[in-house]
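# Chain and residue survey
Residue-level listing of the chains:
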Amino acid sequence: MLGMSSPPPPGSGWNPERWPGSARPGRSGPPSPAPLSDPLVPPDLRGWFDRVSGVVRRSMVPLLIIQLGVAAVSAVVSFVLNPALAAAPTAQPGSVNSLLLVIGLVIALAVGVFAQGASIYVAVQDASGREATVNQALRFASGRAPALIGWGLVAGALTFLGFVMLVVPGIYLALVFAATLAGVVTIERGTLARCFELVNRRLWPTVGRMAIAAAGGILYSVVSGFVVRALTEQGSLNEAIVQALCAVPVGVVAVGVAVVTYAELRFHETGQAFTDTLVAELNR
């Protein structure tokens, strides 16, 4: 039975003192198994799926509100910039089309960063039984936005260089940052070095989880792409709206993947990081 996961109970996170064999300060020996009842820390792969779906169930309403806000901005930006995107290959530096593209990218980045920080806050708070409002989440996100933007740009540049120089380093960097960057920056207030530290301790299980998430996202994108093309006219406002709405479920699930994968890596680092640990760090 210890190899099977079970749904987490309502209420606050796991208390390590109630888990036989839990790691404690000064304790030596093999790593402790992950608890079966922590709402964010999975004991195994099945538990990972359970915890991700648990995040979606618990925080569905605020996460949908956040993602719908992202979708609204995305639809407008995409529609307005569609002519500029079409002319991008021949656009000259400093031209109107180039400036529009830069403005659109800045807006998309700012909205994405706020959504990411707010979503992490909501998911962790809700998992601990502390209901979070969208306004609280946005206030929290505003404080983390500069760090998320800065480290996100550095991570994006490194990943791009990794793909350009050799594909494998790019894949590795994308994996590391997708699994940990949001959690490290918003919860720990850490740097990129911390991302590598967490993932490298548990590389192959993390590769497996992120590969599953990526495969699901690609499959969904292919199917939603057919739907968009079947229901809308290329370049129209309807196309931009439907594309943005199709991205909403992906955004909600991606929050669960990021939070649960990060929580799992934190636990396996010391055996002492649980949902209540993440909440305490989030609110310090």
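Reading guide: rules and limits
- Every chain begins its residue count from 1, and numbering advances along the sequence as written.
- The model is predicted, so local features are restricted to residues of pLDDT at least 70 and side-chain atom pairs to those at 80 or more, both for listing and for counting; the totals for chains, interfaces and linings are taken over all residues.
- The side-chain numbers reported here are obtained from all heavy atoms of the structure, hydrogens and water having been left aside.
- Counting from the N terminus, the helices are the DSSP runs of H or I reaching at least four residues and the strands are the DSSP runs of E reaching at least two.
- Only protein chains enter the area calculation, which uses a 1.4 Å probe; residues under 20% of their type maximum are buried, those over 50% are exposed, and those in between are partly exposed.
- Asp and Glu are treated as the negative residues and Lys and Arg as the positive ones, with His and the ends of the chain left uncounted.
- Salt-bridge detection follows one rule: a side-chain nitrogen of Lys or Arg within 4 Å of a carboxyl oxygen of Asp or Glu.
- We call two N or O atoms a polar contact when they sit within 3.5 Å, provided that within protein one can donate a hydrogen and the other can accept it, with sequence-adjacent residues counted only if both atoms are side-chain atoms.
- We call two residues in contact whenever any of their non-hydrogen atoms come within 4.5 Å of each other.
- One number per residue, pLDDT, summarises how confident the predictor is, and it ranges from 0 to 100.
- In plain words, nonpolar cores are sets of buried Ala, Val, Leu, Ile, Met, Phe, Trp, Tyr and Cys residues tied together by side-chain atoms within 4.5 Å.
- We define the bend at any residue as the angle between the axes fitted to the seven residues before and including it, ending there, and the seven starting there.

This part covers the side chain of D126. By the secondary structure assignment, D126 is in helix 3 (residues 96-127). In this structure, D126 is buried with no salt-bridge partner, the nearest side chain bearing the opposite charge being R58 at 6.5 Å. For D126, the side chain forms a polar contact with the side chain of S59, separated by 2.8 Å. In this structure, D126 is in contact with R58, S59, P62, E131 and A132, ignoring residues within four places of it in sequence.

This paragraph deals with the confidence of the model for the protein chain. Of the residues in the protein chain, 83% reach a pLDDT of 70 or more, and the chain-wide mean stands at 85. Within the model, pLDDT remains below 50 along residues 1-30, and this stretch shows 57 contacts once partners closer than five positions in the same chain are excluded.

What follows covers the nonpolar core. When a protein is soluble and globular, its nonpolar side chains tend to lie buried together. Core analysis: the biggest nonpolar cluster contains 58 residues, and L40, V124, F177, L181, I187, V259 and L278 have the highest contact counts within it. Among the secondary structure elements, those contributing two or more residues to this core are helix 1 (45-58), helix 2 (60-87), helix 3, helix 4 (134-165), helix 5 (167-188), helix 6 (192-201), helix 8 (237-270) and helix 9 (275-282). Of the residues forming this core, the biggest block, 12 residues, is contributed by helix 8. What V124 contacts, discounting residues up to four positions off in sequence, is L40, I187, V259, T275, L278, V279 and L282.

A few words on the pattern of salt bridges. By the definition in use, this model includes nine salt bridges. Its salt-bridge partner being R194, residue E197 comes within 3.2 Å of it at the nearest N-O pair. Placement of the pair is E197 and R194 together in helix 6, with a separation of three residues, close to one helical turn. Linking E264 and R202 is a salt bridge whose minimum nitrogen-to-oxygen distance equals 3.2 Å. With a gap of 62 residues between them, E264 in helix 8 and R202 in the loop between helix 6 and helix 7 (203-231) connect regions that are remote in the sequence. Here E264 falls in the buried class, since its relative accessible area comes to 2%.

Positive phi, normally seen in glycine, also occurs at R189, with a value near 60 degrees. Checked against the element boundaries, R189 lands in the loop between helix 5 and helix 6.

Looking now at helix 4. At R144, helix 4 shows its largest kink, close to 50 degrees, and the proline P146 lies no more than four residues downstream. Listing the buried residues of helix 4 in full gives A137, F140, A141, R144, A145, L148, A155, T159 and G162.

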